[in-house]
Amino acid sequence: MIIQAGATAPDFTLSDQRGEEITLSEAVAEGPVALEFFPLAFSGICTGELCELRDNLAVFDDAKVRLLGISVDSVHALRVWAEQEGYDFSILSDFWPHGQVAQNYGAFVDERGIATRATVIIGEDRKVLASFETSPGEARDFSAYREALAAL
């Protein structure tokens, strides 16, 4: 089960598609963060979801929320995918230890070795403000983001 609102989000440091290390506690010190767990780069549903986020970044910008994608893919795969799709936001590699951050957030599917589709919005002091998820084969409805961000 995905981490719930009110819990303290586990801290982590992961590299993004550019090789830049991002630490959650440092990111939330600048403002709320939306973690976007997804199964795999280059897959159809994941590409569709992240393209929708790319095309609606203004919704996050208006709410002053930083968007961070997270998958078990390598930095190298994420870099190629992000360049191909024009993703300007950071996409973090939870490659090794394999899926550890997703596991810590209750977003890892053990039998498949991937993250599920989970979104966790985190505020000051790493407090979880909202979370929602769908199964790996089901895309998230963008209205869920609008609703969660409007509640901030």
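Worth saying up front: this structure is predicted, and the values here are computed from it rather than measured. (Residues numbered from 1 in each chain as written. Predicted model: local features only at pLDDT ≥ 70, side-chain atom pairs only at ≥ 80, totals over all residues. Heavy atoms only, no water.)

Novice: Please explain the side chain of S71 as it appears in this structure.
Specialist: The residue S71 is located in strand β4 (residues 66-71) in this model. Residue classification places S71 among the buried positions, given a relative accessible area of 1%. Among the polar contacts made by the side chain of S71, one reaches the side chain of D73 at a distance of 2.7 Å. When sequence neighbours within four positions are dropped, the list of residues in contact with S71 reads F38, P39, L78, L92, S93, D94 and F95. (Helix = DSSP H or I, 4+ residues; strand = E, 2+ residues; numbered from the N terminus. Buried < 20%, exposed > 50% of the residue type's maximum accessible area, 1.4 Å probe, protein only. Polar contact = N/O pair within 3.5 Å; in protein donor to acceptor, adjacent residues only side chain to side chain. Contact = heavy atoms within 4.5 Å.)

Novice: I'm lost on the packing of aromatic side chains in this one. Help?
Specialist: Think of a pair of aromatic rings as described by two things: how far the centres are apart, and how the planes are tilted against each other in angle. Inspection of the entire model under this criterion finds 10 aromatic pairs. An aromatic cluster of three or more residues is present, and its members are F38, F42, W81, Y87 and F89. (Phe/Tyr/Trp six-rings, centres within 6.5 Å; stacked < 30°, edge-to-face > 60°.)

Novice: How do you make sense of the pattern of salt bridges when you look at a structure like this?
Specialist: A side chain of one charge can pair with a side chain of the opposite charge when the charged atoms of the two come close. Applying the stated criterion across every chain yields a total of 5 salt bridges. With a closest N to O distance of 2.7 Å, R140 and E36 form a salt bridge. With R140 in the loop between β9 (128-134) and α6 (142-150) and E36 in strand β3 (residues 33-37), this pair connects stretches of sequence that are 104 residues apart. Here the two residues R140 and E36 agree in accessibility, since each one is buried. Among the ionic pairs, R54 bridges to D55, the shortest N-O distance being 2.8 Å. It is possible to trace a salt-bridge network through shared partners that takes in E36, E49, R117 and R140. (Salt bridge = Lys/Arg side-chain N within 4 Å of Asp/Glu carboxyl O.)

Novice: I tried to follow α6 on my own but got confused; where do I start?
Specialist: It helps to recall that an α-helix has 3.6 residues per turn; residues three or four apart then point in one direction. Those residues of α6 lying buried are F142, Y145, A148 and L149. Projection of α6 onto a plane perpendicular to its axis shows the buried side chains occupying an angular sector of 120 degrees, all on one side. Of the exposed residues in α6, those oriented more than 90 degrees away from the buried face are E147 and A150. The inward-facing, buried residues of α6 abut β3, α2 (44-55), α3 (57-62), β8 (117-122) and β9. The distance from a side-chain oxygen at the start of α6 to the backbone nitrogen of S143 is 2.9 Å, and the residue carrying that oxygen is D141. (Arc of directions from axis to C-beta.)

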